[in-house]
Amino acid sequence: MLVARPKAMESCCPCCGRRTRRVHSHYMRRLADLPWQGRIVEIRLHARRFRCADPQCPRRIFTERLPETVQPKARRTVRLGESQLAIGFAAGGEPGSRLSDRLAMPASGDTLLRMIRAAGFEPPQAPRVVGIDDWAWRKGQRYGKIICDLERNRVLDLLPDRNADTVASWLERHPGIEIIARDRAGVYAEGARRGAARCNPGRRPLASSPDLGEALRLAVGRHRKAVSAGKAMTSEMAGNDDAKLSRNLIACAGRGATSAVSSMLKSFSCGRPVYRRDRSRPRLA
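Please read all numbers here as calculations on a predicted model, not as lab measurements.

Visitor: So what's going on with the overall build of the protein? Residues and values would help.
Guide: Secondary structure assignment for the protein yields 8 helices and 11 strands. For the protein, buried positions account for 32% of its 285 residues. Look at the contacts in the protein between residues 6 or more apart in sequence, and 54% of them connect residues 24 or more apart.

Quick look at the structure:
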């Protein structure tokens, strides 16, 4: 337990902003703080109440403000709250509660969840390259869409259904999008076309990154001779073990086909990255 008192002789009214030294009364605040040597620390702060010096101010009496140490009405210091909030973001409710107890910063799972909900977030930057895919609200019964920012690897929004109008409305609210990575479902293509027509009339259509499977099919289709040679070698070496067969196939087709597929993918994407449909979705925390 630590006993402390503020050094400042005056305080600022939170309503009118006028500074005053007129002390009304004293009271005790008990604050939880960061642990010391694995021990739980409590600060007993001798705080003061002040009288506002402005006769026109609607608040006649106010409590002392210590913004760098503790927030008004809080029972934990600012630095302890930041540490517990980081634990809540990393581990969640109940797991975070168990970890906090182990680190001598006890907090219930519900408290950590309330801190997460009350935390302020910076507004996300305008996305330019997004990925759209299915999202299961309840697997096998109800599906929607998940929209991710592929440049920053973060989730942007969850749409309630899989209708093209919903996608078009969302794109209309985000006119800065230039590239959409999607699968070959017609719903996504139709929604992208409608959204581009609504928010940017007369502008070129949104570019949709092709599916990786389609790109590979076109690339391999231009090298049928290498594929045929691999098939012939497979039939001739059917009696060999799997490991030796795999090495021979790679030696046969890997020399020319690998570089060809790589150059084909680069030219197919026109200088833009080609996103796999299964890899366009970042992990959720």
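Let's pick the thread back up.
Visitor: How would you sum up the environment of Trp 36? Please name residues and give values.
Guide: Summarising the element assignment, Trp 36 is placed in strand E4 (residues 23-36). What makes Trp 36 exposed here is its relative accessible area of 59%.

Visitor: Could you give an account of the side chain of Asp 54, with specific residues and numbers?
Guide: Mapped onto the elements of the fold, Asp 54 is located in the loop between strand E5 (39-51) and strand E6 (61-63). No salt bridge is formed by the buried Asp 54; its nearest oppositely charged neighbour, Arg 18, is found at 4.2 Å. Aside from chain neighbours lying at most four places away, what touches Asp 54 is Cys 16, Arg 18 and Arg 60.

Visitor: Lay out the pairing of E4 with the relevant residues and their values.
Guide: Along any regular strand, the residues point their side chains to alternate faces of the sheet. Summarising the sheet, E4 and E5 pair through 11 bridges and their orientation is antiparallel. Note that in E5 the partner of Trp 36 across the bridge is Arg 39. Where E4 folds back on E5, the antiparallel hairpin that results is connected by 2 residues, among which Gln 37 adopts a positive phi of roughly 55°.

Visitor: How would you summarise the side chain of Gln 84 if you had to cite specific residues and measurements?
Guide: Locating Gln 84 in the fold gives a position in helix H1 (residues 78-91). In this structure the side chain of Gln 84 is engaged in a polar contact, spanning 2.9 Å, whose partner is the side chain of Arg 76. Here Met 105 takes part through its backbone oxygen, which lies 3.3 Å from a polar atom of the side chain of Gln 84.

Visitor: Explain the state of the cysteines to me, using residue names and the numbers behind them.
Guide: Counted by the stated rule, this structure contains 0 disulfides. Between Cys 13, a cysteine without a disulfide, and Cys 16, which holds the nearest cysteine sulfur, the sulfur-to-sulfur distance is 3.7 Å. With no disulfide of its own, Cys 57 lies 3.8 Å from the sulfur of Cys 52, the closest cysteine sulfur.

Visitor: Give me the lowdown on the nonpolar core, citing residues and values where you can.
Guide: Nonpolar side chains tend toward joint burial in soluble globular proteins. In this structure, Val 130, Ile 132, Ile 147, Leu 159, Val 167, Trp 170, Leu 171, Ile 177, Ile 180 and Ala 192 together form the largest nonpolar core, which totals 10 residues. At the level of secondary structure, the elements contributing two or more residues to this core comprise strand E7 (129-138) and helix H4 (164-172). A per-element tally of this core places H4 first, with 3 residues. The residues contacting Val 130, other than those within four sequence positions of it, are Ile 147, Cys 148, Leu 150, Leu 156, Ile 177, Ile 179, Ile 180 and Ala 181. Counting 5 residues, the second largest nonpolar core, distinct from the first, contains Cys 13, Phe 50, Cys 52 and Cys 57.

Here is what the cut-offs are and how they apply
Residues numbered from 1 in each chain as written. Predicted model: local features only at pLDDT ≥ 70, side-chain atom pairs only at ≥ 80, totals over all residues. Heavy atoms only, no water. Helix = DSSP H or I, 4+ residues; strand = E, 2+ residues; numbered from the N terminus. Buried < 20%, exposed > 50% of the residue type's maximum accessible area, 1.4 Å probe, protein only. Contact = heavy atoms within 4.5 Å. Lys, Arg positive; Asp, Glu negative; His and termini not counted. Salt bridge = Lys/Arg side-chain N within 4 Å of Asp/Glu carboxyl O. Pairing = 2+ DSSP bridges. Polar contact = N/O pair within 3.5 Å; in protein donor to acceptor, adjacent residues only side chain to side chain. Disulfide = S-S within 2.5 Å. Core = buried A, V, L, I, M, F, W, Y, C linked by side-chain atoms within 4.5 Å.

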